[in-house]
Amino acid sequence: MNLTLKIWRQKNAKTKGKFVTYKIKNVSEDSSFLEMLDQLNEQLISENQDSVAFDKCPVAFDHDCREGICGMCGLYINGRPHGPDLGITTCQLHMRKFKDGDTIVIEPWRAKPFPLIKDLVVDRSSFDKIIQAGGFVSINTGSAQDANAILISKKNADLSMDAAACIGCGACVATCKNASAMLFVAAKVSQFALLPQGKVEAVERVKNMISTMDELGFGNCTNTYACEVECPKLISVTNIARLNREFIHAKVIAEKERQISGGF
Amino acid sequence: MTKLDAKIPEGPLHNKWSFYKSNCNLVSPANKKKFDIIVVGTGLAGASAAASLGELGYNVKAFCYQDSPRRAHSIAAQGGINAAKNYQNDGDSVYRLFYDTIKGGDYRAREGNVYRLAEVSNSIIDQCVAQGIPFARDYGGLLDNRSFGGAQVSRTFYARGQTGQQLLLGAYSSLSRQVAKGTVKLYPRQEMLNLVVADGKARGIITRNLITGEIEKHSAHAVILATGGYGNVFFLSTNAMGSNTSAIWQAYKKGAFFGNPCFTQIHPTCIPVHGEQQSKLTLMSESLRNDGRIWVPKNKEDADKLKNKTITANSIKEEDRDYYLERRYPAFGNLVPRDVASRAAKERCDAGFGVNNTGLAVYLDFENSLKKLGKHVIEERYGNLFQMYEKIVDVNPYENPMMIYPAVHYTMGGLWVDYNLMTTIPGCFSMGECNFSDHGANRLGASALMQGLADGYFVLPYTLGEYLSKELKTPKLSTDNNSFVESEKEVKTRIEKLMSIKGKHTVDHFHKLLGKIMWENCGMGRNEAGLVKGIELIKELKKEFWKDVKITGETTEFNTELEKADRLANYFELGELMMTDALNRKESCGGHFREEYQTQEGEALRDDENFTHVAAWEFSGEDKTAILNKENLEFKDIDLKQRNYK
Ligand SMILES: Cc1cc2nc3c(=O)[nH]c(=O)nc-3n(C[C@H](O)[C@H](O)[C@H](O)COP(=O)(O)OP(=O)(O)OC[C@H]3O[C@@H](n4cnc5c(N)ncnc54)[C@H](O)[C@@H]3O)c2cc1C
Ligand code: SF4
Ligand code: FES
């Protein structure tokens, strides 16, 4: 099929960007979306006459595993993160979802906490910072007891796994009008809240992760739930409800502690 | 020839590691703070090591080329991780896991290392559960297990079809905790392009900042390489797009020996190639062979009709299907090791029984299991894999059998290391897939994750201490030191040279050609004539690459074409060494199948008298033939036998 691509091009964080239109021919419908971009880039290199102009050079986009698990890819395609299909990442999108003659608009994630690096590449290290604030169980190597010593109901293990499936792609933030990272944080908090191993630090975890999220400039969750629809791993918004419960619980405990210490 | 000393501790096999641990030298907590450690790679091996070393109090710098350590390719591992827990009471033990691994590797791995691996396997599961990894559980709340190829016990722990993801996120969370504590500093989007050796010891690395293009120098007391496999030398593989050999290849060129480079694993169950635009191949986890049965039509006419799409798989009657693995290997059936399963698929396809329009595919069929267990059970076990298959191929695998074909998946070869995981360069360590150590000529499923975490959590933190205990008087090395300046210059020169070529063809153009040469001459079947020819073809292509590659953009910016070109430059050299090694190893073993050496039934025929050794190659200069060193493998606890899965 033949396509028209409108792609956001921007040399780097310091310069201004713009949409540039490209034509591409003979795209196989069995190709993945990123293979289509590879094809465009091969074409741009072949046509390039020793130019370093950024719109004549290959389009930069993030990707690595190309099988929907590393979370590195992420494009805003025709106004939707990861494109028109449900429950998949950009690298899992296939060209059979488009028609010959289509125009496809391709943009990067746009959210303040994800500053742009180049073209379609953004910096998501704010997600790492949120995890560093509490997305772990404090256990040093070598100090664990036997793995079967604590029983965990299958139901809770399964729910925990549902939440743990988050790949940290950032689509939830990109699609949210408030650029909230609530679904991402909720997924991690829920994974641990559902397991006995996560209970000990539950109160500190939720407080620290939420305050870090706020400090990094992510917005508030106003329950629009666009995130759930666009999440490639279909992480459920029930996790946000669980996070809210954990958060209120943390506040109650903090209040109690204040009162107790205040009483002395 | 250098005499290679693997430094295996004395004593009986089952006491070696405990003996080592109780006798090795330690570094005191106060002194640990004085040591800077570079860990390159944040996959299972790198992240677990960096986190554990941070916990111990070292100053750790962790590097990866992705934007976050959480995205290392370990994340893509699907099926599971082995451990000798024997929770299923089905006769497993540390010895049996050790035995299966040695046998699965076709007796080309080192006993001491493999035994240690089996020994620490149980602690890995304990550690991971404590980190809050949601492994699969049964209705009683206990951990569940599944079987993998090459084993007759159920010892594989799993988290749906996302085991690698969960294990990596566990290691990443421990790493993140150390980052918050300030013991580990992260360097994402940085690619190691050279190793710095001063006074004969590894003292730092040269990296390229992938955002700014700047060349950076980083100094340390030890450098740990955990950069994963080099399967992308074949262009198409199940590895991530950025997987590369650059770090270990540059270490090789600085004096680290390269062990068994030709040992490559071709995985039997991958989604077949769709066409010229294909950029990578997708694995369908081996765990599927627990419930899926592999077959091709018994009659060629049926195969032809399937190729022309005049009939469908479901219309072929039971008696007209050839379940060739069950037929040839009744004892292990669909669960034979990977090398055996891959060759059997190739044999059927070469004989004209393959399906798909290319004739290069076989069926993996769940009909029986769906009937027996019900759709919900299959969905629970493999749901995400079925979804992945459907998205790529556009066929519903609950209704039609999957089509699969072997693809390059894993590299058993890698930097030669001793029992300490140290390469032949003092202070340069290598862990995980990028070393050669534990899997011999063929890796068993679910054992790479085990090895990565064993190395990082439980082995290296001890063996590094042993090395550093002798380095207490070694001062920090300034990056103005001559060895840094020289290594930096090498990198800059290489990059300038690449950028100045301004030829006609893209990097991918050359990479695809190299992949084709590798696949045809150094793939599932290898022979002398093909390898000799292959080496010549690589040499020619390499020359052309250096004359005619076209890299757009600038050096001092985010430039993926430049990244790819530099990786490919290393792959040319590695490809040649792989072929040289394959040519030299005049026997068949595991994944290395030399067509001249096979039994009457077409099984791999080893030559134990002449080849019970590790081939450790030594760099001898640009465009010179590498020097072969041998580490003889001694089997004291296991008898060498022909592998038999019948
Ligand atoms: C699709 C797939 C499925 C698999 N399934 C299983 C399974 O079920 N069970 C199992 O046991 N094994 C499985 N394996 C194998 C296993 O996943 C890998 O062997 C293992 O995860 C490798 O881990 P690692 O830590 O050695 O390297 P990786 O996880 O590959 O990590 C490499 C790290 O090094 C970094 N790096 C690489 N080069 C450079 C450089 N030049 N400079 C800086 N950083 C660099 C990367 O950024 C990354 O952080 C699978 C493999 C694949 C591809
Ligand atoms: S919650 Fe979903 S959309 Fe958000 S980062 Fe995780 S996987 Fe991506
Ligand atoms: S490239 Fe890894 S999820 Fe898309």
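Calculation notes
- Here the residue numbers are simple positions, counted from 1 along each chain's written sequence.
- For naming, the first written chain is A and the first written ligand is 1, with later ones following in the order written.
- Confidence filtering applies because this is a predicted model: local features only for residues at pLDDT of at least 70, side-chain atom pairs given and counted only at 80 or more, and all residues used for totals across whole chains, interfaces and linings.
- Values reported for side chains reflect all heavy atoms of the structure, with hydrogen atoms and water molecules removed beforehand.
- To qualify as a helix, a DSSP run of H or I must reach at least 4 residues; to qualify as a strand, a run of E must reach at least 2; elements of each kind are numbered from the N terminus.
- The contact rule is simple, with two residues in contact once any of their heavy atoms fall within 4.5 Å.
- Asp and Glu count as negative and Lys and Arg as positive, but His and the ends of the chain are not part of the count.
- Lys charges are placed at NZ, Arg charges at CZ, Asp charges at CG and Glu charges at CD.
- Two strands are said to pair when DSSP picks up at least two bridges between them.
- Boundaries between domains were set according to an automatic or database domain assignment.
- Note on definitions: salt bridges are taken to be side-chain nitrogens of Lys or Arg within 4 Å of carboxyl oxygens of Asp or Glu.
- For the purposes of these results, a polar contact is taken to be a pair of N or O atoms within 3.5 Å, where, inside protein, one atom must be able to donate a hydrogen and its partner to accept one; residues adjacent in sequence count only when each atom of the pair is a side-chain atom.
- In the scheme used here, Gly and all other residues not listed as nonpolar or charged are polar, with Ala, Val, Leu, Ile, Met, Phe, Trp, Tyr, Cys and Pro taken as nonpolar and Asp, Glu, Lys and Arg as charged.
- Here, proximity means that at least one heavy atom of the residue falls within 4 Å of the molecule or strand.
- Joining two parts hides part of their accessible area as seen by a 1.4 Å probe, and the buried area is that hidden amount summed over both.
- Accessible surface is estimated by sampling points in the Shrake-Rupley manner with a 1.4 Å probe; for residues, cover comes only from the protein chains shown.
- Accessible area is worked out with a 1.4 Å probe on protein chains only. A residue is then buried under 20% of its type maximum, exposed over 50%, and partly exposed in between.
- Between N-to-C directions, angles span 0 to 180 degrees; the directions come from axes that are lines fitted to C-alpha atoms, helices contributing only their stretch in contact.
- Given a helix with a known number of residues, its expected span is that number minus one, times 1.5 Å.
- What pLDDT expresses is the predictor's confidence in each residue, scored from 0 to 100.

(A) Examining the overall build of chain A more closely. Regarding its fold elements, chain A presents nine helices and seven strands. Once local pairs closer than 6 in sequence are excluded, the contacts in chain A between residues at least 24 apart make up 69%. Taking the average place of the 32 positive charges on the side chains of chain A and the average place of its 30 negative ones, the gap between the two points comes to 5 Å.

(B) Spotlight on the sheet that holds strand 12 (residues 293-297) of chain B. All names here are of chain B. Spatial ordering of the open sheet is given by 11-15-14-12-13, a layout of five strands whose pairing is antiparallel. On the outer flanks of this sheet lie strand 11 (264-270) and strand 13 (321-322), each paired with one strand and no other. As defined by bridge partners, strand 11 adjoins strand 15 (residues 402-411) across five bridges and the pair is classed as antiparallel. Pairing of Cys270 across the sheet is with Tyr405, part of strand 15.

(C) Examining the domain arrangement of chain B more closely. Residues and elements named next belong to chain B. Split by domain assignment, chain B resolves into domain 1 (13-25 + 40-263 + 412-468), domain 2 (267-408) and domain 3 (491-605). At the interface, 11 residues of domain 2 touch 10 residues of domain 3. Seen at the junction of domain 2 and domain 3, the total is one salt bridge. Of the charged contacts in the structure, one is a salt bridge between Arg328 and Glu603, with a shortest N-O distance of 3.4 Å. At the boundary of domain 2 and domain 3, one finds four residue pairs in polar contact (both at pLDDT 80 or more). Broken down by secondary-structure element, the contributors of at least two residues to the side of domain 2 that touches domain 3 are helix 10 (338-350) and strand 15. Examining the composition of the side of domain 2 that touches domain 3, we find that five residues originate from one element, helix 10, more than from any other. When grouped by side-chain class, the residues that make up the side of domain 2 that touches domain 3 number five nonpolar, one polar and five charged.

(D) Inspection of the site of ligand 2 at higher detail. All names here are of chain A. Surveying the vicinity of ligand 2 reveals 13 residues, the closest of which are Cys166, Cys169, Gly170, Cys172 and Cys231. When contributions to the shell around ligand 2 are tallied by element, the ones reaching two or more residues are helix 4 (171-175) and helix 5 (182-193). Across the shell around ligand 2, the residue classes tally to 11 nonpolar, two polar and no charged.

(E) Spatial organisation of the interface of chain B and chain A. Of the residues lining the interface, 78 residues belong to chain B; the matching set on chain A comes to 74 residues. Across the chain B to chain A interface the summed buried area is about 6,500 Å²; carbon plus sulfur atoms make up 51%. Taken together, chain B and chain A are joined by 12 salt bridges. Note that B:Arg189 is salt-bridged to A:Asp62, the shortest N-O span being 2.8 Å. At the boundary of chain B and chain A, one finds 49 residue pairs in polar contact (both at pLDDT 80 or more).

(F) Local environment of the site of ligand 1. Residue and element names in this part refer to chain B. Around ligand 1 sit 37 residues, and of these Gln66, Ser74, Gly79, Met192 and Glu433 come closest. Backbone polar atom of Met192 to a nitrogen atom of ligand 1: 2.7 Å apart, as the coordinates give it. Relative to its unbound accessible area of 1,000 Å², ligand 1 is 97% covered by the protein chains.

(G) Spotlight on unusual backbone geometry. Residues and elements named next belong to chain B. Look at Asp106: it is not a glycine, yet its phi comes out positive at around 55°. Tracing the chain through its elements places Asp106 in the loop between helix 4 (94-104) and helix 5 (111-130). The class of Asp106 is buried, set by a relative accessible area of 3%. One non-glycine residue, Asp394, adopts positive backbone phi at about 70°. Here Asp394 is to be found in the loop between helix 12 (375-393) and strand 15. For Asp394, a relative accessible area of 52% gives the class exposed.

(H) Geometry of the sheet that holds strand 9 (residues 222-225) of chain B. Residues and elements named next belong to chain B. Read across the open sheet, the five strands follow the order 5-2-1-9-17; overall the sheet is parallel. At either end of the open sheet lies a strand with only one pairing partner, and these are strand 5 (184-187) and strand 17 (428-430). Across the sheet, the mean angle from the axis of one strand to that of its neighbour is 20°, orientation sign disregarded. Two strands pair when backbone bridges link them, and strand 9 and strand 17 are joined in this way by three bridges, in the parallel orientation.

(I) Structural context of the pattern of salt bridges. Applying the stated criterion across every chain, the model contains 72 salt bridges over all chains. Between A:Lys99 and A:Asp102 there is a salt bridge; the shortest N-O distance is 3.8 Å. For A:Asp102, a relative accessible area of 19% corresponds to the buried category. The shortest N-O distance in the salt bridge between B:Lys542 and B:Asp623 comes to 3.1 Å.

(J) Representation of helix 14 (residues 482-501) of chain B within the structure. Residue and element names in this part refer to chain B. For helix 14, spanning 20 residues, the distance from its first C-alpha to its last is 29 Å, which sits close to the expected 28 Å at 1.5 Å a residue. What helix 14 keeps buried is the set Ser483, Phe484, Ser487, Glu488, Val491, Arg494, Ile495, Leu498, Met499 and Ile501. Contacts from the buried residues of helix 14 go to strand 6 (190-198), strand 7 (201-209), strand 8 (215-219), helix 7 (246-253), helix 16 (528-548) and helix 17 (560-584). In the stretch just after helix 14, Lys502 is the one whose phi turns positive, near 50°.

(K) Quick look at helix 1 (residues 33-47) of chain A. Over its 15 residues, helix 1 of chain A extends 21 Å from the first C-alpha to the last, a length consistent with the 21 Å expected when each residue adds 1.5 Å. Among the 15 residues in helix 1 of chain A, 11 count as buried, and that is most of the element. All of the buried residues along helix 1 of chain A are A:Phe33, A:Leu34, A:Glu35, A:Met36, A:Leu37, A:Asp38, A:Gln39, A:Leu40, A:Asn41, A:Leu44 and A:Ile45. In this fold, the buried residues of helix 1 of chain A make contact with strand 1 (3-9), strand 2 (18-24), strand 3 (76-77) and strand 5 (103-107) of chain A together with helix 17 of chain B.

(L) Structural context of the confidence of the model for chain B. A residue-level look at chain B finds 100% of positions with pLDDT of 70 or above and a mean pLDDT of 96. Predicted as a complex, the structure gets a pTM of 0.97 and an ipTM equal to 0.97.

(M) Local environment of the pairing of strand 12 of chain B. All names here are of chain B. In terms of burial, strand 12 is largely enclosed, as five of its five residues are buried. Bridge count between strand 12 and strand 14 (residues 362-365): three bridges; the pairing is antiparallel. By the bridge assignment, Arg293 is partnered in strand 14 with Asp365. One ladder, built from two bridges, connects strand 12 with strand 13; its direction is antiparallel. Across the sheet, the residue bridging to Val296 is Asp322, located in strand 13.

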